[in-house]
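Residue strings, one per chain:
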Amino acid sequence: MESKPNNLATDRQVRRRVIFSFIGFFIFIGLVYLAFRWLYHTPDAAGVHAPLRKGYEVNEKIFGGTFNKNTLVKTYPLSAATTHVRVNGDVGMGEDFDPKTWKMHLVRNVGDTLLISMAEIKALPKTEIVFDFKCIEGWSQVTHWGGVKFTDFLAHFGLDSLAAYKYIGLQTPDKAYYVGIDMNSMLQPQTILCYEMNGKPLPYDQGAPLRLIIPVKYGIKHLKRIGTMFFSNTQPADYWAERGYDFYSGH
Ligand SMILES: Nc1nc2c(c(=O)[nH]1)N[C@H]1C(S)=C(S)[C@@H](COP(=O)(O)O)O[C@H]1N2
Ligand SMILES: [Mo]
């Protein structure tokens, strides 16, 4: 009697399976190739391919949506702060600028700009913070900053109603560097308009007389040398977002 083991594959079946799995493999490689080609040819959306920009936006919805402005960024004792603070980024930091005659241009409304002097800002209560400053390039430093809490600033100048806008835009006096920031992050209590570093007046290269320190964001958003501040319900222009980085840039 011939007994045919029916649970074992015949040579023919084995050969067929090998052939099919090779065909499957090549189809897979082909599809990966086509997906990349498609991505490469998608239109540019503010510096990156549209599907990648979409990825940033989905991220922003998730993390922006769960952002709680009462959650504090980790702080450190004064002794942990470095005295050799790195200088990074000099866009909009030209030499033809005098911090002594500076005034902030705060646009309350189109055609209604408030000029604010450094003396007025320094008269407000001072807030200090020591935190881990993170640059998107991959370095971070524990640094010590002092200035006025952004919420105190708004309240003092009777500008609370402007907090109803979705975004704030900041620009250097020459408008060469500019950032857009979601209002929730601006209202987080560790965000300061900063005029001191390590207990001394802010150095020229670090943004004197006034810069932004916003610990919930990466370094790119900490605009040095604030010239103009304005309010908007649409995303303000943002220097690095236009060059392919994430607009939200929170961490
Ligand atoms: N005006 C202006 N502000 C700027 C930049 C810039 O090029 N110009 N660079 C940003 C980046 S990328 C970083 S990491 C921080 C660095 O701040 P620091 O020079 O005080 O370390 O400033 C931010 N603010
Ligand atoms: Mo940075």
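Just above, that's the structure.
Residues numbered from 1 in each chain as written. Chains lettered and ligands numbered in written order. Predicted model: local features only at pLDDT ≥ 70, side-chain atom pairs only at ≥ 80, totals over all residues. Heavy atoms only, no water.

With that settled, consider the nonpolar core. If you look at the biggest cluster of nonpolar residues, it comprises 51 residues, and the most contacted ones within it are Met104, Leu106, Ile121, Trp145, Phe153, Leu193 and Met229. Ranked by residues supplied to this core, first place goes to strand 9 (residues 192-197) with five residues. Once you skip the residues sitting within four places of it in the chain, methionine 229 turns out to touch Met104, His105, Leu106, Val107, Phe150, Phe153, Ile168, Gly169, Leu170 and Leu193. (Core = buried A, V, L, I, M, F, W, Y, C linked by side-chain atoms within 4.5 Å. Buried < 20%, exposed > 50% of the residue type's maximum accessible area, 1.4 Å probe, protein only. Helix = DSSP H or I, 4+ residues; strand = E, 2+ residues; numbered from the N terminus. Contact = heavy atoms within 4.5 Å.)

In this section: the pairing of strand 6 (residues 140-149). Along strand 6, eight of the ten residues are buried, which leaves the element largely enclosed by surrounding structure. Relative to strand 6, strand 5 (residues 127-134) runs antiparallel, the two sharing eight bridges. Its bridge partner being in strand 6, valine 130 is matched across the sheet by histidine 144. The loop that links strand 5 with its antiparallel partner strand 6 comprises five residues; one of these, glycine 138, has a positive phi angle of about 115°. Where strand 6 and strand 9 come together, five bridges link them in antiparallel fashion. From the neighbouring strand, tryptophan 145 faces strand 9, where its bridge partner is methionine 197. (Pairing = 2+ DSSP bridges.)

Further remarks concern the environment of phenylalanine 247. Checked against the element boundaries, phenylalanine 247 lands in the segment after strand 12 (228-232). Look at phenylalanine 247 and you get buried, because its relative accessible area is 5%. Counting along the chain gives 19 residues from phenylalanine 247 to threonine 228, while the straight-line C-alpha distance between them is 19 Å. Setting aside anything within four residues of it in sequence, one finds phenylalanine 247 in contact with Arg53, Glu60, Tyr167, Gly180, Ile181, Lys221, Gln235, Pro236, Asp238 and Ala241.

What follows deals with the layout of surface pockets. Its boundaries defined by the atoms lining it, the largest pocket holds a volume of some 430 Å³. Taken together, 27 residues line the largest pocket, and the ones lying closest to its centre are Asn88, Gly89, Tyr177, Gly219 and Ile220. For the lining of the largest pocket, the element with the most residues is strand 6, which contributes three residues. In the lining of the largest pocket, the residues fall into 14 nonpolar, eight polar and five charged. Taken as a whole, the second largest pocket holds about 320 Å³ of empty space. In terms of lining, the second largest pocket is formed by 18 residues, of which the most central are Phe67, Val216, Tyr248, Gly250 and His251. No other element matches the four residues that helix 2 (residues 50-66) contributes to the lining of the second largest pocket. The class makeup of the residues in the lining of the second largest pocket is six nonpolar, nine polar and three charged. (1 Å grid on protein atoms, 1.4 Å probe; cavity = no way out; pocket = protein on both sides within 12 Å on 5 of 7 lines; lining within 4 Å. Points joined across faces, edges and corners; volume = space filled by probe spheres on them. Nonpolar A, V, L, I, M, F, W, Y, C, P; charged D, E, K, R; others polar.)

So, on to the environment of glycine 250. Inspection of the secondary structure assignment puts glycine 250 in the segment after strand 12. Sequence separation of glycine 250 and alanine 80 is 170 residues, and the distance between their C-alpha atoms is 23 Å. Excluding its chain neighbours within four sequence positions, the residues that come into contact with glycine 250 are Val216, Lys217 and Tyr218.

So, about the pattern of salt bridges. Tallied over the full model, the rule gives six salt bridges. With its nearest N and O atoms 3.0 Å apart, the salt bridge here joins lysine 126 to glutamate 196. With lysine 126 in the loop between helix 3 (118-122) and strand 5 and glutamate 196 in strand 9, this residue pair connects regions lying 70 residues apart in the sequence. On the basis of relative accessibility, which here comes to 14%, the residue glutamate 196 falls in the buried class. (Salt bridge = Lys/Arg side-chain N within 4 Å of Asp/Glu carboxyl O.)

Function cannot be inferred from these measures alone, as they are strictly geometric.
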